[in-house]
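Tertiary structure, described
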Amino acid sequence: MKKLCFIAALLLCFSLCSCGVLVDTNTPKSAELSEKYSFYENSVASIRGGCNVSPEEADEIFLVLVNDCGVDKEVTVTPYANAPYSVKYGSKTLSMTLDGSSVSEVFDGESRIYPASAADASSPEESNAPEETEAPADNVPDDTAESVSMFDFSASDISFGEIDTGDLQLQYGELLSVIYNDGIVVVKAKITSNLTNNMTVQQNYYNVGDLIKNHGFNTCNELQYWAVADMSSGDEVKVVSFDLNKETIENLYNEKIFENQLEDYVDNLFIHASLQ
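This text gives an overview of the structure that appears in the document. (Residues numbered from 1 in each chain as written. Predicted model: local features only at pLDDT ≥ 70, side-chain atom pairs only at ≥ 80, totals over all residues. Heavy atoms only, no water.)

Brief notes about the nonpolar core
The biggest cluster of nonpolar side chains holds 35 residues, and the ones touching the most others in it are F153, V185, V187, F217, L223 and L244. Elements with a minimum of two residues in this core: β7 (174-181), β8 (184-190), α7 (197-214), β9 (222-230), β10 (236-244) and α8 (246-253). Residue contributions to this core peak at 5 residues, all from α7. Those residues in contact with V185 that sit more than four places away from it in its chain are F153, V178, I179, Y180, F217, C220, E222, L223 and Q224. Core analysis: the next-biggest nonpolar cluster, separate from the first, contains 28 residues, V75, Y85, V87 and L98 among them. (Core = buried A, V, L, I, M, F, W, Y, C linked by side-chain atoms within 4.5 Å. Buried < 20%, exposed > 50% of the residue type's maximum accessible area, 1.4 Å probe, protein only. Helix = DSSP H or I, 4+ residues; strand = E, 2+ residues; numbered from the N terminus. Contact = heavy atoms within 4.5 Å.)

Shown next as structure tokens:
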């Protein structure tokens, strides 16, 4: 009797194995995916059955649906003869086409959501792209002309005396005046202290560098610069001044020397005792 029971149990085991019930469905990714997605196991079971694919292939299909198609709930896959698979999750239904065992296309209604090529992703906006690109480009020259003041001190008709500087601004501090006198340009600025005395002095060299390189002050024969500042006593006093001759102006403009080197090239350098 025991022998008959053993044979019956053995036959039942073979029968179950032949039906696939005891087939191992573990894959290299199953443990990770099962931990990460609570709906993984039921979803891949439906994918395996509906698409007739291996467990590993079902994992890849599952990842495409989750990572590329926005699936975030358990899926049910239904095959149709000569038609894409129906993939249902929550209240949504997608249409999926396979190429062998790999996903080739997924549609959400009339919109293809996989593969989302660059052209597909940008197609709704392509018609507007040229206008958005061209409009700023067309405006660049005009905006630049309005925001950057350029001067030509070599012009024969330039007036002596204080120059109307328009919207000209210094990189550091406040521009008080620009005075022209037969090729010599005098720039007066008002500055504030920086983190260190050296930085307070250096900012003046960068002021003239910007004027020479970006605002046409390279056209003057000599540039005289001086800066004032408010002292703790409340008095406004000169704190930095220096002159640049034509050679130094040209070398700075052509970047043969640089702003942080100007101290070695300027003439008549004055630095207030409080900054030394």
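Topic: the pairing of β7
A regular strand places its side chains so that they alternate between the two faces of the sheet. As defined by bridge partners, strand β6 (residues 161-162) adjoins β7 across 2 bridges and the pair is classed as antiparallel. What sits directly across from G161, in β7, is Y180. Inspection of the sheet shows β7 paired to β8 by 7 bridges, in the antiparallel sense. If you follow Y180 over to β8, its bridge partner there is V185. The turn joining β7 and β8, which pair antiparallel and follow one another in sequence, is formed by 2 residues; a positive phi near 55° is taken by D182. (Pairing = 2+ DSSP bridges.)

Quick look at the sheet that holds β8
By definition, the strands of a sheet pair up through backbone hydrogen bonds, in either a parallel or an antiparallel sense. The mixed open sheet is built from 6 strands, whose spatial order is β6-β7-β8-β9-β10-β11. The open sheet is flanked by β6 and β11 (267-271), the only strands paired with a single partner. Of the strands in this sheet, β8, β9, β10 and β11 touch α7, which is tilted by about 50° from β10. Sheet strands touched by α8: β9 and β10. Its angle to β10, the strand with the most contacts, is close to 85°. (Axes fitted to C-alpha atoms, helices over the stretch in contact; angles between N-to-C directions.)

Quick look at helix α3 (residues 40-51)
Because each turn of an α-helix spans 3.6 residues, side chains separated by three or four positions in sequence point in the same direction. With 12 residues, α3 should reach 16 Å at 1.5 Å per residue; the first-to-last C-alpha distance of 16 Å fits that figure. Burial in α3 covers these residues: Y40, S43, V44, S46, I47, G50 and C51. Along the axis of α3, the buried residues cluster in a sector spanning 155°; they form a single face. In α3, the exposed residues that point more than 90 degrees away from the buried face are E41 and G49. The elements touched by buried residues of α3 are α2 (30-36), α4 (55-69), β1 (75-80), β2 (83-89) and β3 (92-99). Where α3 ends, the next residue or the one after it, N52, has phi of about 55°, a positive value. (Expected span 1.5 Å × (residues − 1). Arc of directions from axis to C-beta.)

Looking at unusual backbone geometry
A cis geometry characterises the amide bond from Y114 onward to P115, with omega recorded as -5°. Mapping P115 onto the fold places it in the loop between β5 (111-114) and α5 (118-126). One non-glycine residue, N52, lies in the positive phi region at around 55°. For N52, the location among the structural elements is in the loop between α3 and α4. In this model, E255 sits at a positive phi of 60°, which is unusual for a non-glycine residue. According to the relative accessible area criterion, E255 is partly exposed, its value standing at 47%.

Points about the packing of aromatic side chains
Scanning the model with the defined rule gives 11 aromatic pairs in all. Plain terms: the ring middles of F153 and Y180 are 6.0 Å apart, the flat faces sit at 15° to each other, and that makes the pair stacked. Taken together, the residues F153 in the loop between α6 (129-147) and β6 and Y180 in strand β7 connect sequence positions 27 residues apart. As far as the burial class goes, F153 and Y180 line up, both buried. (Phe/Tyr/Trp six-rings, centres within 6.5 Å; stacked < 30°, edge-to-face > 60°.)

A word on α7
An ideal rise of 1.5 Å per residue puts 26 Å on 18 residues; α7 measures up with 26 Å between its terminal C-alpha atoms. Regarding α7, the residues found buried are T200, V201, Q202, Q203, N204, Y205, N207, V208, G209, D210, L211 and I212. Buried residues along α7 sit in contact with β8, β9, β10, α8 and β11.

A look at the side chain of Q203
Turning to its location among the elements, Q203 is positioned in helix α7. By relative accessible area, which is 7% here, Q203 ends up buried. Separated by 3.2 Å, the side chain of Q203 and the backbone oxygen of T200 make a polar contact. The contacts of Q203, once residues within four sequence positions are left out, are Y172, I191, T192 and N194. (Polar contact = N/O pair within 3.5 Å; in protein donor to acceptor, adjacent residues only side chain to side chain.)

Focus: the environment of D210
Its place among the elements puts D210 in helix α7. D210 gets classed as buried once you look at its relative accessible area, which sits at 10%. In the structure, D210 is positioned 40 residues away from L170 in sequence and 7.7 Å away in space, judged by C-alpha atoms. Residues within four places of D210 in sequence aside, it is in contact with Q169, Q171 and H215.

These figures come from the coordinates and say nothing about function on their own.
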